[in-house]
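Close look at the chain arrangement
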Amino acid sequence: FYYEPQEAKSEEIIDFEGKEYKEKDWFIAAKYNDLKVELTQNKRCKIDMRQFEDLLILADLHCASEHNKLLRTTKLDVEEDMHQSFGLNNMHVVAVMVYCNFVSVQFELQQTYYRLREKETDKTWKRRHREFAHLARLLKQAVSDFGEICSQKSAVNTFYHSISLESISVSLFTFRAPTSTSTSKVVLFNYS
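Below you will find a few notes about this structure. All chains use their own residue numbering, which begins from 1 and follows the written sequence. Side-chain atom pairs in this predicted model are given and counted only at pLDDT of 80 or more, local residue features only at pLDDT of at least 70, and totals for whole chains, interfaces and linings cover all residues. Derived side-chain values reflect all non-hydrogen atoms in the structure, with water molecules and hydrogen atoms excluded from consideration.

Strands here are runs of E lasting at least two residues and helices are runs of H or I lasting at least four, both read from the DSSP assignment and numbered beginning at the N terminus. Looking only at helices and strands, the protein has nine helices and two strands in total. In sequence order, the secondary structure elements of the protein are arranged as β-β-α-α-α-α-α-α-α-α-α. Think of it in three bands: residues with accessible area under 20% of the maximum for their type are buried, residues over 50% are exposed, and the middle band is partly exposed, with areas taken using a 1.4 Å probe on protein chains only. Burial statistics for the protein: of 192 residues in total, 31% are counted as buried. Contacts between residues were defined by any pair of non-hydrogen atoms, one from each residue, lying within 4.5 Å. Across the protein, every contact between residues at least 6 apart in sequence was considered, and the portion connecting residues at least 24 apart equals 62%. All accessibility values rest on the Shrake-Rupley procedure with a 1.4 Å probe; residue burial counts only the protein chains present in the view. Accessible surface, the protein as shown: approximately 13,000 Å² in total, 54% of it carbon and sulfur.

Rendered as structure tokens:
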């Protein structure tokens with residue numbers, strides 16, 4: 001799915017589910033005005049206003065921290081040699097906290113990354129995903145703009161994820177949706 005305004009007009013060809021589409025075919029226009037409204041008034045799953053306000057306080061504290069200052073430079077800034085970065089903001093932090101701490105919202109969001117029925121139309125599928133467009137966009141930005149690419153040479157290159165299959169080839173993995181992982185088996189066992 002694509003969320004940025006320039007992607008709404010993109011003629012770039014992508015292969016998705018064995019068919020050719022243009023990026024603009026998978027552009028998702030948000031249903032709600034902003035993340036706050038999306039999370040507190042969503043018909044599928046919502047949090048109450050007090051919870052959102054508490055998350056915002058914590059996010060503001062994180063954004064003011066020294067740790068966050070290290071995340072201020074995005075990959076795009078480095079590539080384009082930009083001197084000013086908009087960086088990780090409080091809404092990115094709220095999105096990550098919601099995804100990690102509100103299992104019902106996480107579940108409902110993840111359901112929108114896949115067709116619920118084999119014959120579900122693209123239009124219906126995109127309409128379902130639209131319910132969480134701000135959350136999905138912010139999570140995508142948090143990972144793609146502020147995350148790190150791991151390789152065999154990375155300090156940490158083992159991540160754990162709870163999955164119901166006994167054996168999977170590493171070459172089969174393509175993540176189309178947010179996926180929870182941890183470098184600690186203890187965290188994984190507590191979560192599952």
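This brings us to the pattern of salt bridges. Any carboxyl oxygen of Asp or Glu that lies within 4 Å of a side-chain nitrogen of Lys or Arg is treated as forming a salt bridge with it. Going through the model one piece at a time under the given rule, you end up with eight salt bridges. Residues Glu-131 and Lys-31 are paired through a salt bridge, measuring 2.7 Å at the closest nitrogen-oxygen approach. Note that Glu-131 is positioned in the loop between α7 (122-130) and α8 (133-146) and Lys-31 in the loop between β2 (19-22) and α1 (35-41), a separation of 100 residues in sequence. Since its relative accessible area comes to 9%, Glu-131 is described here as buried. Each of Glu-11, Lys-22 and Lys-24 takes part in salt bridges that share partners, so that together they form one network.

Right, let's get into the pairing of β2. Here is the key point about a regular strand: its side chains alternate between the two faces of the sheet. Following DSSP output, two strands are said to pair if at least two bridges run between them. Of the strand pairs in this sheet, strand β1 (residues 13-16) and β2 are connected by four bridges, and their pairing is antiparallel. Directly across from Asp-15, in β2, lies its bridge partner Glu-20. Two successive antiparallel strands, β1 and β2, enclose a turn made up of two residues, where Glu-17 displays a positive phi of approximately 55°.

A separate point is the packing of aromatic side chains. Pairs were defined over the aromatic rings of Phe, Tyr and Trp, the Trp ring being its six-membered one, requiring ring centres within 6.5 Å. Orientation was assigned from the angle between planes: stacked under 30 degrees, edge-to-face over 60, tilted for the rest. Taken as a whole and judged by the stated rule, the model has eight aromatic pairs. A centroid spacing of 5.7 Å and a plane angle of 65° characterise the contact between Phe-1 and Trp-26, whose relative ring orientation is edge-to-face. Taken as a pair, Phe-1 in the segment before β1 and Trp-26 in the loop between β2 and α1 lie far apart in primary sequence, 25 residues in all. In this arrangement the basic side chain of Lys-126 is found over the ring face of Trp-26, its NZ or CZ atom lying 5.3 Å from the centre. Any Lys NZ or Arg CZ that is within 6 Å of a ring centre and within 35 degrees of that ring's normal is treated as a charge sitting over the ring.

Remark: helix α5 (residues 90-101) packs on α8, axes separated minimally by 9 Å, with the N-to-C direction vectors making an angle of 105°. Put simply, α5 runs roughly perpendicular to α8. The residues of α8 that touch α5, namely those facing Met-91, His-92, Ala-95, Val-96, Val-98 and Tyr-99, are Leu-135, Leu-138, Leu-139, Gln-141, Ala-142 and Phe-146. Here the term charged refers only to Asp, Glu, Lys and Arg, the term nonpolar to Ala, Val, Leu, Ile, Met, Phe, Trp, Tyr, Cys and Pro, and the term polar to all other amino acids, Gly among them. By residue class, the composition of the contact of α5 with α8 is ten nonpolar, two polar and no charged. A fitted line through C-alpha atoms represents every axis, and for helices the fit uses only the stretch in contact; the resulting angles, taken between N-to-C directions, go from 0 to 180 degrees. With respect to orientation, any angle under 35 degrees is reported as roughly parallel, any angle over 145 as roughly antiparallel, any angle of 65 to 115 as roughly perpendicular, and every other angle as oblique.

Helix α6 (residues 103-111) packs onto α5 with a crossing angle of 100° between their chain directions and a minimal axis gap of 5 Å. Taken together, the axis directions place α5 and α6 in an arrangement best described as roughly perpendicular. Residue-level inspection shows Val-98, Tyr-99 and Asn-101 of α5 in contact with α6, the latter providing Val-103, Val-105, Gln-106, Leu-109 and Gln-110. Among the residues forming the contact of α5 with α6, the class breakdown is five nonpolar, three polar and no charged.

Take Glu-120: it is sitting in the loop between α6 and α7. For this analysis, a polar contact is any N or O atom pair within 3.5 Å, provided that within protein one partner can donate a hydrogen and the other can accept it, and provided that sequence-adjacent residues contribute only side-chain to side-chain pairs. Of the polar contacts made by the side chain of Glu-120, one reaches the backbone nitrogen of Leu-116; its length is 2.8 Å. When near neighbours in sequence (up to four residues on either side) are disregarded, Glu-120 contacts Tyr-114, Arg-115, Trp-125 and Arg-128.

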